[in-house]
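Summary of the model geometry
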Amino acid sequence: NRPGAGANIATKAVVTATADGNMLLVTTAALPINETLYRNKGFAGTVLKPIAVVATTPEVFAIGKNDTSKDLAEFVANQKDREVIFATAGIGTGSHIAGEYFFKFILKANPKHVPFRGGPDATNALMGGHVPMVVSSLSGFAAQVANGDIRGLAIAADQRNPVVKNVPTFTEVGYPGFTSLSWVGFFAPPGTPDAIITAYNKQ
């Protein structure tokens, strides 16, 4: 587990690893995002050999359980000068892009992003009342949303998720068609033999 720098620390470790199949990168959509976000990473994520995308998870916009906003529109309306402060697991993550795009281009609000080192830190900040909203993939704080420790306002998927069945879709709360999914994929170091990639795909 090598967090930090929007997944670049972990990515570099695998880019420079021995190509014997013993070290793999398990990452998210941050991998392609970082190729355009950072100019001088010191490595290129594009040299990694893809194995498989194994899961997808929708983004969820959540607020503290004590926030009295009845829905997403009211939450935004309650912000002074429509400045929406939202936290994520870091700069350039899928959650960051989803939040910026939704608030700036769809809602015409004024987003202010607060990046954290990782999803748990952002979630803890929300639960502690230090930030008013967190945008995260559902997998990042599903338990807290399901338990009511934080309150999901909308899920960026075509339909509700059974894990957090009380969280409406963006379409249901008046923003039709807004979806945003992150994914989890496995990648091998450059130069990994095709036989190893094939063997992993058979698992």
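In what follows, the accompanying structure is described.

Cut-offs applied
- Residues numbered from 1 in each chain as written.
- Predicted model: local features only at pLDDT ≥ 70, side-chain atom pairs only at ≥ 80, totals over all residues.
- Heavy atoms only, no water.
- Phe/Tyr/Trp six-rings, centres within 6.5 Å; stacked < 30°, edge-to-face > 60°.
- Helix = DSSP H or I, 4+ residues; strand = E, 2+ residues; numbered from the N terminus.
- Buried < 20%, exposed > 50% of the residue type's maximum accessible area, 1.4 Å probe, protein only.
- Lys NZ or Arg CZ within 6 Å of the ring centre and 35° of its normal.
- Pairing = 2+ DSSP bridges.
- Right-handed = clockwise from strand over helix to strand, strands pointing away.
- Salt bridge = Lys/Arg side-chain N within 4 Å of Asp/Glu carboxyl O.
- Contact = heavy atoms within 4.5 Å.
- Expected span 1.5 Å × (residues − 1).
- Arc of directions from axis to C-beta.

With that out of the way, let us pick up the packing of aromatic side chains. Taken as a whole and assessed by the stated rule, the structure comprises 13 aromatic pairs. Here F86 and F103 contribute two aromatic rings whose centre-to-centre distance is 5.8 Å and whose plane-to-plane angle is 40°, an arrangement assigned as tilted. Note that F86 is positioned in strand β3 (residues 83-88) and F103 in helix α4 (residues 94-106), a separation of 17 residues in sequence. Exposure class is identical for F86 and F103. Each is buried. Centre to centre, the rings of Y101 and F105 are 5.7 Å apart; their planes meet at 35°, and the pair counts as tilted. Note that Y101 and F105 are positioned in helix α4 at a spacing of four residues, about one turn of the helix. Grouped by ring-pair contacts, the aromatic residues F61, F86, Y101, F102, F103, F105, F170, Y175 and F178 constitute a single cluster. A cation over an aromatic ring shows up here: K41 above the ring of F43, its NZ or CZ 5.1 Å from the ring centre.

As a further point, take the pairing of β3. As judged from the six bridges shared by β3 and strand β4 (residues 110-115), these two strands associate in the parallel manner. Paired with A87 across the bridge in β4 is V114. Where the polypeptide runs from β3 across α4 and back to β4, its parallel neighbour, the crossover connection is right-handed.

A word on the pattern of salt bridges. Taken as a whole, this structure holds five salt bridges when the rule is applied. Put simply, K41 and E35 hold a salt bridge, and the shortest N to O gap is 3.1 Å. Take E35: its relative accessible area is 27%, and that puts it in the partly exposed class. Here R160 makes a salt bridge to E172, at a shortest N to O gap of 3.0 Å.

Right, let's talk about the environment of N34 for a bit. Examined against the element boundaries, N34 turns out to sit in helix α2 (residues 30-37). The exposure class assigned to N34 is buried, which follows from its relative accessible area of 1%. It is 11 Å that separates the C-alpha atoms of N34 and I9, two residues lying 25 residues apart in sequence. In this structure, N34 is in contact with A5, G6, A7, N8 and K41, ignoring residues within four places of it in sequence.

Bringing the pairing of strand β5 (residues 133-137) into the picture now. Burial runs high along β5: five of the five residues are buried. Because side chains alternate across β5, one face comprises the buried residues M133, V135 and S137, and the other comprises V134 and S136, equally buried. Where strand β2 (residues 49-64) meets β5, five bridges bridge the pair, whose relative direction is antiparallel. Paired with I63 across the two strands is M133, which belongs to β5.

So, on to α4. The periodicity of an α-helix, 3.6 residues per turn, causes residues three or four positions apart to be oriented the same way. For α4, built from 13 residues, the straight-helix expectation of 18 Å at 1.5 Å per residue is met to within 8% by its first-to-last C-alpha distance of 17 Å. Taken together, the buried positions of α4 are S95, H96, A98, G99, F102 and F103. Seen end-on, α4 carries its buried residues on one side only, within an arc spanning 170°. Along its buried surface, α4 packs onto β2, α3 (72-77), β3, β4 and β5. Immediately downstream of α4, the backbone of K108 shows phi near 60°, a positive value.

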